[in-house]
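Observations on chain architecture
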Amino acid sequence: MTDEPTTTTPDEPDAPRPPATGAAQRRGPLRVGDKVQLTDPRGRLHTIKLAPGATFHTHKGYLRHDDLIDRPEGTVVRNTAEIEYLAMRPLLSDYVLSMPRGAAVVYPKDAGQIVAMADVFPGARVVEAGVGSGALTMSLLRAVGDAGELHSIERREDFAAIARGNVETFFGGQHPAWSLSVGDLADVLPTVAPDGTVDRVVLDMLAPWENLDVVARALVPGGVLVCYVATTTQLSRLAEDLRADGRYAEPVAWESMVRGWHLEGLAVRPQHRMIGHTGFLLTARRLADGVAPPERKRRPAKGAYPTDEQQWSPEELGERPVSEKKIRRVRRDVGQAPQAEAPGAERSADVPDA
């Protein structure tokens, strides 16, 4: 006689799990304060923030925000000229490319590569240096989740304020896994992360090789360093300094390019425009203490190593200056205006950029 098969069910939880940070902003009907992406019949995108009684104007009529509030996502609305618009909440990639910015943003294609190739997992302890406008920060917070830790370090206070405004707008408030410090990585990192406690480090800065020592001390054995650099000169210097340091495995570098496709019946072909080079990504793993990396067997090409040490200016490394007027305007756009801003300075900042 055989036993009857039995089915077991998991124990009932004592309390419902709290929703993940930002999940409520991604579900349900469109609400006041939501950002909405409107797509017109020609595929052009317009991003608005819903407010009672507000209107969205174009040269061909206008539509009322009230026609969208409390409607389901994916609604089609008509303006006063009977032009139809499809209303959707912007995806993270859409939000990053349309949000107010001071510094250049890390493109979604690179942010996705960083999260995947660095194996940023839920609950990971991650340090990010070079926050810019907060684009990569949002992808990292999505990856580590509420149980993880992301400590972002930005040396410019104005960029940090812009990033805070963008991140809190996207998640609907403060994220429990995020902390933000203003200062240099070499000074801040030892005070926020004891040696050997960080799983992943992401550097987006002009000279990441200057911080290899402090990063090596913070990383756990097997931890991953990811660097985002714009030029081949930066990439070369970084790779050679990683090899010379002796605490990292052989670095790996690559870039990604995205080409869209036109889809119209049998007219299927590559689009004429594509997202080409944005930056180079380099990863390296932290070795265990006292372990020497395996000796490289390949022979370098003749002339690969110049004899004279070369110094590069910030402009040669790809730094693009941002005007103070633009920074003040963007800070106001994200609700992070300087508290001590004088009235005279505020009036001058209201003048549109040429």
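Let us look at the structure shown here. Every value quoted in this text rests on a predicted model; they were computed, and no experiment measured them. (Residues numbered from 1 in each chain as written. Predicted model: local features only at pLDDT ≥ 70, side-chain atom pairs only at ≥ 80, totals over all residues. Heavy atoms only, no water.)

On to the environment of histidine 59. As for its placement among the helices and strands, histidine 59 is situated in the loop between strand 3 (55-57) and strand 4 (62-64). Judged by relative accessible area, histidine 59 falls into the exposed class, the value being 70%. In this structure, the C-alpha to C-alpha distance between histidine 59 and alanine 81, residues 22 residues apart in sequence, is 10.0 Å. (Helix = DSSP H or I, 4+ residues; strand = E, 2+ residues; numbered from the N terminus. Buried < 20%, exposed > 50% of the residue type's maximum accessible area, 1.4 Å probe, protein only.)

The next subject is the sheet that holds strand 10 (residues 198-203). An order of 9-8-7-10-11-15-12 is seen for the 7 strands of this open sheet, with the pairing classed as mixed. The two strands at the open ends of the sheet, each matched to only one other strand, are strand 9 (178-182) and strand 12 (252-254). Each neighbouring strand pair of the sheet contributes to a mean axis angle of 15°, computed without reference to strand direction. Two strands pair when backbone bridges link them, and strand 11 (residues 219-229) and strand 15 (residues 280-285) are joined in this way by 6 bridges, in the antiparallel orientation. (Pairing = 2+ DSSP bridges. Axes fitted to C-alpha atoms, helices over the stretch in contact; angles between N-to-C directions.)

With that settled, consider the side chain of arginine 89. You can see arginine 89 is positioned in the loop between strand 6 (84-88) and helix 1 (92-98). A polar side-chain atom of arginine 89 sits 3.4 Å from the main-chain carbonyl oxygen of arginine 27. A polar contact of 2.7 Å, which involves the side chain of arginine 89, links it to the backbone oxygen of proline 29. Leave out the neighbours within four places in its chain, and arginine 89 touches Gln25, Arg26, Arg27, Gly28, Pro29, Leu30, Arg31, Asp34, Lys35 and Glu73. (Polar contact = N/O pair within 3.5 Å; in protein donor to acceptor, adjacent residues only side chain to side chain. Contact = heavy atoms within 4.5 Å.)

As a rule of thumb, non-glycine residues mostly have phi less than zero, and peptide bonds are mostly trans rather than cis. At glutamate 82, a residue that is not glycine, the phi angle is positive and equals roughly 65°. Secondary-structure assignment places glutamate 82 in the loop between strand 5 (75-78) and strand 6. Exposure remark for glutamate 82: the relative accessible area of 55% places this residue in the exposed category. Residues other than glycine seldom take positive phi values, yet aspartate 119 does so here, at roughly 55°. Examined against the element boundaries, aspartate 119 turns out to sit in the loop between helix 2 (108-117) and strand 7 (125-129). Judged by relative accessible area, aspartate 119 falls into the partly exposed class, the value being 45%.

On the surface, Leu97, Tyr107, Val258 and Ile275 cluster together to form a nonpolar patch covering roughly 300 Å² of accessible area. Within the secondary structure, isoleucine 275 is located in strand 14 (residues 267-275). (Patch = residues over 30% accessible without salt bridge, like charges linked within 9 Å, V, L, I, M, F, W, Y side chains within 5 Å. Areas by Shrake-Rupley, 256 points an atom, 1.4 Å probe, with all protein chains shown as cover. Salt bridge = Lys/Arg side-chain N within 4 Å of Asp/Glu carboxyl O.)

On to the nonpolar core, then. Counting residues in each nonpolar core, the largest one holds 36 residues, and the members touching the most others are Val120 and Met138. Sorting the residues of this core by element identifies helix 1, helix 2, helix 3 (135-144), helix 4 (157-171), strand 9 and strand 11 as the ones contributing at least two each. Considering each element in turn, this core owes the most residues, 7 residues, to helix 3. Apart from residues no more than four positions distant in its own chain, valine 120 is found in contact with Ile114, Val115, Val126, Leu140, Ala143, Val144 and Arg200. Of all hydrophobic cores here, the second largest spans 29 residues; its members include Ala193, Trp209, Val214 and Phe280. (Core = buried A, V, L, I, M, F, W, Y, C linked by side-chain atoms within 4.5 Å.)

This part covers the pairing of strand 9. Where strand 8 (residues 149-154) meets strand 9, 5 bridges bridge the pair, whose relative direction is parallel. The residue of strand 9 that forms the bridge with serine 152 is leucine 180.

Here we take up the packing of helix 2 against helix 3. Where helix 2 contacts helix 3, the axes come no closer than 10 Å and their chain directions differ by 35°. Where helix 2 crosses over helix 3, the handedness of that crossing is right-handed. Counted together, Ala111, Ile114 and Val115 of helix 2 and Leu136, Ser139, Leu140 and Ala143 of helix 3 form the full contact between these two elements. Considering only residue class, the contact of helix 2 with helix 3 consists of 6 nonpolar, 1 polar and no charged. (Left-handed = near helix turned anticlockwise from the far one by under 90°. Nonpolar A, V, L, I, M, F, W, Y, C, P; charged D, E, K, R; others polar.)

The next subject is the pairing of strand 13 (residues 258-264). Bridge count between strand 13 and strand 14: 6 bridges; the pairing is antiparallel. Bridge assignment links tryptophan 261 to a residue of strand 14, and that residue is proline 270. Taken together, strand 13 and the strand that follows it, strand 14, pair antiparallel across an intervening segment of 2 residues, in which glycine 265 is found at a positive phi of about 60°.

So, about the environment of glycine 335. Note that glycine 335 resides in the loop between helix 8 (324-333) and helix 9 (343-349). What makes glycine 335 exposed here is its relative accessible area of 59%. On a C-alpha basis, the gap between glycine 335 and threonine 169 in space is 9.4 Å, while along the polypeptide they are 166 residues apart.

Ordered in space as 2-1-6-5, the 4 strands form an open sheet in which the pairing is antiparallel. Edge positions in the sheet fall to strand 2 (45-49) and strand 5, since each of these pairs with one other strand and no more. On average, each strand axis in the sheet is tilted by 35° relative to the strand beside it, whichever way the strands run. The pairing of strand 1 (residues 35-39) with strand 2 spans 5 bridges and is antiparallel. Within strand 2, the residue paired with threonine 39 across the bridge is leucine 45.

These figures come from the coordinates and say nothing about function on their own.
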